[in-house]
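Understanding the architecture of this molecule
Chain by chain, the residues run as shown.
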Amino acid sequence: MPNSPTHTDASWEYTLYIPHDPRAVTVSRRTLRLILTLHDLLPLSETAELVATELVSNAVRHTKGPAALRLRWAGRVLRIGVWDADPTPPAPPLHSSAEAENGRGLDLVRNSTDGWGWYPLSSTGDSGKFVWCELLAAA
């Protein structure tokens, strides 16, 4: 039907609350793939899974509390965000080696997405942070 909306035209948002548990990384990745598949956005899934895995891994590895994965689709942009209870700003390394086994996750996010950033969840900085990245869909 001409001019009918497709799954990729409508805006949507999902939030998955995750415990402080290493298994949450796999649950998050598989949930993200399912959501993107059901919304006909499978071409974004490989990169989306990669960066979401890094963000959720960081939240589980470097904090002591729960976290959440948020996916938002609007205007042909997929925003992937992870909330965690630690207010410490994410710090990508200034110089990371291709051989390094740790510390390259935020570099990977920065180099694989169309934008990324973070913000504190309160003005006092004691309520955690939200780290996000965006992937633009091809027209």
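This one's a predicted model, so the numbers in the text were calculated from it and none came from an experiment. (Residues numbered from 1 in each chain as written. Predicted model: local features only at pLDDT ≥ 70, side-chain atom pairs only at ≥ 80, totals over all residues. Heavy atoms only, no water.)

Further remarks concern the packing of helix H2 (residues 45–62) against helix H3 (residues 105–112). Interaxial distance between H2 and H3 falls to 9 Å at its minimum, and their mutual angle equals 150°. When the axes of H2 and H3 are compared, the crossing they make is left-handed. Facing H2, whose interface residues are Thr47, Leu50, Val51, Glu54, Leu55 and Asn58, H3 presents Gly105, Leu106, Leu108, Val109 and Ser112. Of the residues contributing to the contact of H2 with H3, the split by class is six nonpolar, four polar and one charged. (Axes fitted to C-alpha atoms, helices over the stretch in contact; angles between N-to-C directions. Helix = DSSP H or I, 4+ residues; strand = E, 2+ residues; numbered from the N terminus. Left-handed = near helix turned anticlockwise from the far one by under 90°. Contact = heavy atoms within 4.5 Å. Nonpolar A, V, L, I, M, F, W, Y, C, P; charged D, E, K, R; others polar.)

Counting 29 residues, the largest nonpolar core has Trp12, Leu55, Leu78 and Ile80 as its most contacted members. Listed by contribution, the elements that provide at least two residues to this core are strand E1 (12–18), helix H1 (23–38), H2, strand E2 (67–74), strand E3 (77–84), H3 and strand E5 (129–136). (Core = buried A, V, L, I, M, F, W, Y, C linked by side-chain atoms within 4.5 Å. Buried < 20%, exposed > 50% of the residue type's maximum accessible area, 1.4 Å probe, protein only.)

We now examine the packing of aromatic side chains. Scanning all chains against the criterion turns up two aromatic pairs. On the basis of an interplanar angle of 40° and a centroid distance of 5.4 Å, the ring pair of tyrosine 119 and phenylalanine 130 is categorised as tilted. Taken together, the positions of tyrosine 119 in strand E4 (residues 115–120) and phenylalanine 130 in strand E5 put the pair 11 residues apart, joining distant regions of the chain. You can call tyrosine 119 partly exposed: its relative accessible area is 34%. Take phenylalanine 130: its relative accessible area is 5%, and that puts it in the buried class. One residue, arginine 79, lies across the ring of tryptophan 132, its end atom 4.0 Å from the ring centre. (Phe/Tyr/Trp six-rings, centres within 6.5 Å; stacked < 30°, edge-to-face > 60°. Lys NZ or Arg CZ within 6 Å of the ring centre and 35° of its normal.)

Before going further, it helps to spend a moment on the pattern of salt bridges. Scanning the entire structure with this criterion turns up six salt bridges. As a salt-bridge pair, aspartate 21 and arginine 23 come within 2.6 Å of each other at their nearest N and O atoms. For aspartate 21, a relative accessible area of 18% corresponds to the buried category. When the shortest N-O distance is used, the salt bridge between lysine 129 and aspartate 84 registers 2.9 Å. Residue lysine 129 is located in strand E5, and its partner aspartate 84 is located in strand E3; the two are separated by 45 residues in the primary sequence. Judged by relative accessible area, lysine 129 falls into the buried class, the value being 7%. (Salt bridge = Lys/Arg side-chain N within 4 Å of Asp/Glu carboxyl O.)

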